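Close look at the chain arrangement
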Amino acid sequence: MSGSTFETDNKLVNWFEKRLPIISLMHGAVVVYPTPKNLSWWWTFGSLAGVALVIMMATGIILAMHYTPHVDYAFLSVEHIMRDVNYGWLIRYVHSNTGSLFFMVVYIHIFRGLYYGSYKDPRELLWIIGLLIYVLMMATGFLGYVLPWGQMSFWAVTVITNLFSAVPIVGDAIVSWLWGGYAVGNPTLNRFFSLHYLLPFVIFAAVILHLWALHTSKSSNPLGVEVKTPQDTIPFHPYFTAKDLVGLAVFLIVLFFFVFFAPNYMGHPDNYITANPMVTPAHIVPEWYYLPFYAILRAIPDKLGGVIAMFGAIVILFLVPWLDTSKVRSSRFRPIYKQFFWILVLDCFVLGWVGANAPEGHFILIGRLATAYYFLHFLVILPIVGMIEKPLPLPESISQPVLKGEQE
Amino acid sequence: MMGMLRMKIGLVIGSVVLSAGLWLGAPATATAAGGGITFEKQKWQHSGPFGTFDRAAMVRGLQVYTEVCAACHSLDLVAFRTLSALGMSEDDVKEFASDYEVEDGPDNEGEMFDREAVPSDYFVAPYANDKAARASNNGAFPPDLSLITKARVGGEDYLYALLTGYEDEPEDFELGDGMAYNKYYSGHQIAMPQPLFEEHVEYDDETEATVEQMSRDVSVFLTWTAEPAMEDRKRMGVKVLIFLGIMLVLLVLVKRRVWSGVH
Amino acid sequence: MASNTLDPEAVEQPERRDFLYIATGTLGAVGAAMAVWPLIDQMNPSKDVLALSSTEVDLSPIEEGQSVTVVWRGKPVFIRRRTQAEIDEARDVNMADLPDPEEDAARAVKPEWLVLVGICTHLGCIPLGESGDFGGWFCPCHGSHYDTSGRIRIGPAPDNLVVPDYAFLDDTNIRIG
C-alpha cells in the first residue's frame, strides 16, 4: 500500500516484521498515510461505512446463533431473540437500524464522489469497486430482510425473485432455480440465510480492495487538484483519526437514537405478521433504500423493460468515469454542472417518494419523468456539460487556498 | 469564510436529505393503511423517551384479554412467567397459569395427556389451528394478538380507535352478512363483532368498566406483549445517549487540539 | 509517529492536552467495554431456558432394585430405588477410602431413593448403571467406578456424582430443581 517509514527497536516486533510485515503495512495504511489536508467532513463517510460493516457483521454473527432458518420457526426464533435472549432485542435492533444507516452513509459517500468527481482518472477502479460493494450490499440487505419471515419478507422475496421471470425463454427456469421449488418456501429461506451470511465476507474482501486502490491512487479532495508537495498532506493519524472519531460519535448518536427510541421507525408493521403465502398485504413497499429503483422498475409499462431499466440505473453508475468529459474534477469549479448535480439529488428523492406510493394517478407520470431525467443526467447532461462548460480557475495546489484562508 | 459557509450549507442540506430520507417509506402515524382513515393519537404513560407501562392498566388489560378477547384471539408468544412484569408475584403467576390446561407428553405409555399449565408455558390458543379458527368465525381469521400493536400502522392508537369505533352503519351503507360497521377500519366493514360493552368485565380495582376504559387498558396490555423490553430499552437509551453526548464533546475538543497546528 | 501528534500549541500547554487525551481515551475504553457485555451475555442461557428448570417425577412405578433415567434441564437424572443391601453397602464405608468423602445420609433424602445427575464428573459421559467394581455405576469413557451412593471410588473422576436439588412433594412424587 503506502511506502512505510515504520521503524522500531522492539525485538519481538522486528522478528515478526521480518517474517510478515503486517505491522508496517497497517502503519503505512492508517498512521502515516499521507492524506490531503483539506478533506472536509464529507470525507468521513467512508470510514463510517467501514464501521457500519463491522457492526453489521458482529451483530449478525450473534443473531445467527439464535436464529432458525426454517419457515415454521424463523418468525418465532426472531421473537425468541426479542423476548428471551439476553439483550437480544438490543442486538437485533442494532442490526436492523445499522442496516438502514449503512445505506444512508453509503449513499452520502457515493454522492460525495459524484459531486467532487472522485471517480475520474486515476480513480476509476476505486469507484467501480465501491459500486460493486454497493451492489453486494443491496443483495445482502434484501437477503437479510427475508429472514424474519414476516409478511413483507415473504412478499419482498416473491416480487424480487419474480423480476427474473422477465428474462426471455429461461426466466421461469431461473425463478424456480432461485426458489428451489414451485413457490417461495423453505428451500428459499434456507439458501437466503446461507447467502446472507456469506456475502458480508465478500463485501469485507471488496472493502480491502477498495482501500488498496485508494491507497494506490491516493485520496481525492474537495479541490480536485492532485497532491503536489508534501505540504499538501498530513499523516492520517492523528489528524483524520481524530476527525473520523467525531463523525463516528455523531453516527452512533443517530444510530442509538433510532435503536432506543424509534427502533421500528424504518421498518414496516406488516413484517410483524407471520408470512402468509395466501394473503398479499394491501400495500407492499421495499425498504426505503431501494425505493428509487423500485420507482424506476414501475415507471416502465413493460415487464422486461422495467427490469432492464432498474438494473440499467445501477449499471450506468459504473460508466460515470467515462461519461464525464470534464477536465475538472470538483463541482466546486463547475458552475453549471453543480446545478445539475443538485437536480440529480432532488430527482433521486422524487424517485424515492414515488417508490413509496402506490402507482396511481399523478404518481405514474411523476415516476416516468423522474426516471427519464435520471438517465438523461448520466447519458446526456454529464457528457455535454463537461464539454461546453467553462470551469472556474483552479488553485495551483491544495496548500494555496489553505494559505489564503479559503479552508476551515 | 466562503468555505465555512459552503460547508454549513452542505451540512444543512445533508441533514434535510437525511430526515427526508427517513420519512420516505415511513407511514404517517395517524393514518391507517389505505382508505385515508384518520384517528386520534392518545396520551399514553408509556410514550416518550421516559415512558413506563401503567401497571394497573396492564393488569386490567390482562383481565379484558382473558375474559373477552381470548375467546377468539390467541396470544402465542407470551409466556405466563413474563406476567411478573405486571407486578404479579411468583405465586400469583403460578395460580394464573394453573387455570389453563396444556397438552404434554408422551407419557411412559406413549399417550399425550393434559396437565395444569405452569409459568414456563405459554398462553393457550382458543382454537386448535388456523383452519379451526376460520371455521368458527365465518371464514375470518382472528389474528394472534402478541404483536398486534407493532403489526398495525398506528399501533396502540389504532387499536384503541378500532375498539371504540363501532357504531351503526350509515343509511346508505351496504353491510355484508355477519359483518360489523367500524368507522376506523379500512373499508368500514369488519368481521369482528363489537367486542366490548359497558360493564363487560368487573374490575378488581373498581375502575368503571366503560368501553373506553377497557379499550385503553387492553391497548396498554397489548403494547407490553408486543414489546416487553420497552422499559429496559428506554432506560438504557437515555444512559447511552448521555454517554455519547459527552464523548462527542470530548472528541470535538480532541479534534480541535489535534488540528490546531495545521495551517 | 510521536512527532506527528505534537503541534506547537499543544507543546505550550502539555497538561491540558494530556488530560483531554487521557480523559477521552479512558471514557472511550469504558464505553467500549460496556458495549461488549451484551455481546457476551447473549450466549448465557436465555429466559425461556432458565424457566424450564424443574421436572416432576412420579416414583410409584419404580420397583425396588430398579432405576429410571429422567431428563432434567436437558441432562439425564438417575433415580434408583435401592435395595436394603445396597443401602447398607453405601453406609458401611470408611470415609478415608473415598477420594471425595461424603456420608451416604447426606446424599439421599430418603435412604431408599437415590437421585443423581447422570453425568460423570470427569469429562461428561453418562455412566452405565449396576456395573463397575462397587455395584454402582461405571463410566466406559475413562473407567471411573462409582459406588451404590454414586460416590467416586476408582478412576480419573475427581468428584462424586452430583445430587441435584430435589424435594418430595408427597410419598411418591418428587420435584427436581
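Small disclaimer: the values here were computed from a predicted structure and weren't measured.

This paragraph deals with a negative patch on the surface. All names here are of chain B. Together, Glu90, Asp91, Asp92, Glu95, Asp99, Glu101, Glu103, Asp114 and Glu116 make up a negatively charged patch on the protein surface. Mapped onto the negative patch, the elements with two or more residues apiece are helix H3 (90–98), strand E1 (101–104) and strand E2 (113–116). Looking at where aspartate 91 falls in the secondary structure, it is placed in helix H3. With relative accessibility at 56%, the residue aspartate 91 sits in the exposed group.

What follows deals with the state of the cysteines. On inspection of all chains with the given rule, the structure shows one disulfide over all chains. With a sulfur-sulfur separation of 2.1 Å, cysteine 125 of chain C is cross-linked through a disulfide to cysteine 141 of chain C. Disulfide cysteine 125 of chain C to cysteine 141 of chain C: torsion about the S-S bond roughly -95°, handedness left-handed. In this pair, cysteine 125 of chain C sits in the loop between strand E4 (113–117) and strand E5 (128–129) while cysteine 141 of chain C sits in the loop between strand E6 (135–139) and strand E7 (144–147), placing the two residues 16 residues apart along the sequence. A relative accessible area of 38% places cysteine 141 of chain C in the partly exposed class. Cysteine 72 of chain B forms no disulfide, and the closest cysteine sulfur to it belongs to cysteine 69 of chain B, at a distance of 9.2 Å. For cysteine 72 of chain B, a relative accessible area of 29% corresponds to the partly exposed category.

On to the packing of aromatic side chains, then. All names here are of chain A. As enumerated under the stated definition, the model contains 48 aromatic pairs over all chains in all. Aromatic pair tryptophan 89 and phenylalanine 260: ring centres 6.4 Å apart, planes at 70°, arrangement edge-to-face. Residue tryptophan 89 is found in helix H5 (residues 88–115), and its partner phenylalanine 260 is found in helix H10 (residues 236–261); the two are separated by 171 residues along the sequence. Residue classification places phenylalanine 260 among the buried residues on the basis of a relative accessible area of 1%.

Glancing now at the side chain of glutamate 124 of chain A. Residue and element names in this part refer to chain A. Looking at where glutamate 124 falls in the secondary structure, it is placed in helix H6 (residues 124–146). For the buried residue glutamate 124, which engages in no salt bridge, the nearest side chain bearing the opposite charge is arginine 329, 8.2 Å off. Beyond its immediate chain neighbours, meaning those up to four positions away, glutamate 124 contacts Tyr119, Pro321 and Trp322.

Right, let's talk about the environment of lysine 303 of chain A for a bit. Residue and element names in this part refer to chain A. Considering the arrangement of structural elements, one finds lysine 303 in helix H12 (residues 303–318). Residue classification places lysine 303 among the exposed residues on the basis of a relative accessible area of 54%. With 25 residues separating them in the primary sequence, lysine 303 and valine 328 have C-alpha atoms 40 Å apart. Residues in contact with lysine 303, not counting those within four places in the same chain, are Asn162, Ser165 and Ala166.

Right, let's talk about the sheet that holds strand E2 (residues 67–72) of chain C for a bit. All names here are of chain C. The strand order across the open sheet built from three strands is E2-E3-E4, with neighbouring strands paired in antiparallel fashion. Either end of the sheet is taken by a strand with one partner, and the two such strands are E2 and E4. The sheet shows a mean angle of 25° between the axes of neighbouring strands, direction not considered.

Our next topic: the domain arrangement of chain A. Residues and elements named next belong to chain A. When cut into domains, chain A gives domain 1 (42–284) and domain 2 (285–393). Computed from C-alpha atoms alone, the centre-to-centre distance between domain 1 and domain 2 is 22 Å. On the side of domain 2, 39 residues touch domain 1, which itself brings 43 residues to the contact. Roughly 3600 Å² of surface becomes buried between domain 1 and domain 2 when both sides are summed, with 67% attributable to carbon and sulfur atoms. The largest per-residue losses of area from domain 1 upon contact with domain 2 belong to Tyr115, Lys120 and Leu163, which jointly make up 19% of the total buried on that side. Where domain 1 packs against domain 2, one counts two salt bridges. With its nearest N and O atoms 3.0 Å apart, the salt bridge here joins arginine 329 to glutamate 226. Inspection of the domain 1/domain 2 interface yields 15 residue pairs in polar contact (both at pLDDT 80 or more). Of all the secondary structure elements, the ones that give two or more residues to the side of domain 1 that touches domain 2 are H5, H6 and helix H7 (151–162). By residue number, the principal contributor to the side of domain 1 that touches domain 2 is H6, which donates twelve residues.

What follows deals with the pairing of E2 of chain C. Looking along a regular strand, one sees the side chains alternate between the two faces of the sheet. Residue and element names in this part refer to chain C. The sheet contact formed by E2 and strand E3 (residues 75–81) spans six bridges and is antiparallel. Bridge pairing in E3 links valine 71 to proline 76. Counted along the chain from E2 to the antiparallel partner E3, the turn is two residues long, and its residue arginine 73 has a positive phi close to 50°.

Time to look at the pattern of salt bridges. Residue and element names in this part refer to chain C. Evaluation of the coordinates by the stated rule reveals 26 salt bridges over all chains. Taking the shortest distance from any N to any O, the salt bridge between arginine 80 and glutamate 86 comes out at 2.5 Å. Its relative accessible area of 6% is what places arginine 80 among the buried residues. Here aspartate 104 ties to arginine 91 by a salt bridge, and the two come within 2.8 Å at their closest N and O atoms.

Two modes of strand pairing occur in sheets, parallel and antiparallel, and in both the strands are linked by backbone hydrogen bonds. Residue and element names in this part refer to chain C. The sheet built from three strands is open, its strands ordered E1-E10-E9 with antiparallel pairing. Looking along the sheet, the strands with just one partner apiece sit at the ends: strand E1 (55–58) and strand E9 (166–168). Here the strands of the sheet are splayed against their neighbours by 20° on average, with no regard to which way each runs. Relative to strand E10 (residues 173–176), E1 is paired through four bridges, and the arrangement is antiparallel. Within E10, the residue paired with glutamate 56 across the bridge is arginine 175.

Reading guide: rules and limits
- All chains use their own residue numbering, which begins from 1 and follows the written sequence.
- All chains are assigned letters beginning at A, and all ligands numbers beginning at 1, according to the order in which they are written.
- Reporting in this predicted model follows two pLDDT cut-offs: at least 70 for local features of residues, and 80 or more for side-chain atom pairs to be given and counted; totals over whole chains, interfaces and linings ignore these cut-offs and use all residues.
- The basis for every side-chain value is the complete set of heavy atoms in the structure, and neither hydrogens nor water enter the calculation.
- A residue counts toward a patch only above 30% relative accessible area and without a salt bridge, and it is joined to like-charged neighbours within 9 Å or, for Val, Leu, Ile, Met, Phe, Trp and Tyr, to nonpolar neighbours within 5 Å.
- Only the protein chains shown count as cover for residues, and all accessible areas are computed by the Shrake-Rupley method using a 1.4 Å probe.
- Put simply, a salt bridge is a Lys or Arg side-chain nitrogen that is within 4 Å of an Asp or Glu carboxyl oxygen.
- As used throughout, the charge tally considers Lys and Arg to be positive and Asp and Glu to be negative, leaving His and the chain termini uncounted.
- In this description, the location of a charge corresponds to atom NZ of lysine, CZ of arginine, CG of aspartate or CD of glutamate.
- Numbering goes from the N terminus for both helices and strands, where a helix is a DSSP run of H or I of at least four residues and a strand is a run of E of at least two.
- For every residue, the accessible area obtained with a 1.4 Å probe (protein chains only) is divided by the maximum for its type, and the residue is called buried under 20%, exposed over 50%, and partly exposed between those limits.
- We call a pair of cysteine sulfur atoms a disulfide when they lie within 2.5 Å.
- Only rings of Phe, Tyr and Trp enter the pairing, Trp through its six-membered ring, and a pair is recorded when the two centres are within 6.5 Å. The plane angle decides the type: under 30 degrees is stacked, over 60 is edge-to-face, the rest tilted.
- Whether two residues touch is decided by their heavy atoms; if any such pair falls within 4.5 Å, the residues are in contact.
- Think of it this way: DSSP has to see at least two bridges between two strands before they count as a pair.
- Think of each axis as a best-fit line through the C-alpha atoms, taken over the contacting stretch in the case of a helix, with angles from 0 to 180 degrees between the N-to-C directions.
- Where each domain starts and ends comes from a domain assignment, either automatic or drawn from a database.
- The buried area of a pairing is the accessible area, by a 1.4 Å probe, that goes missing from both parts when the two are put together, added over both.
- Counted as a polar contact is a pair of N or O atoms within 3.5 Å, where, for protein atoms, one must be capable of donating a hydrogen and the other of accepting one, and residues adjacent in sequence contribute only when both atoms are in side chains.

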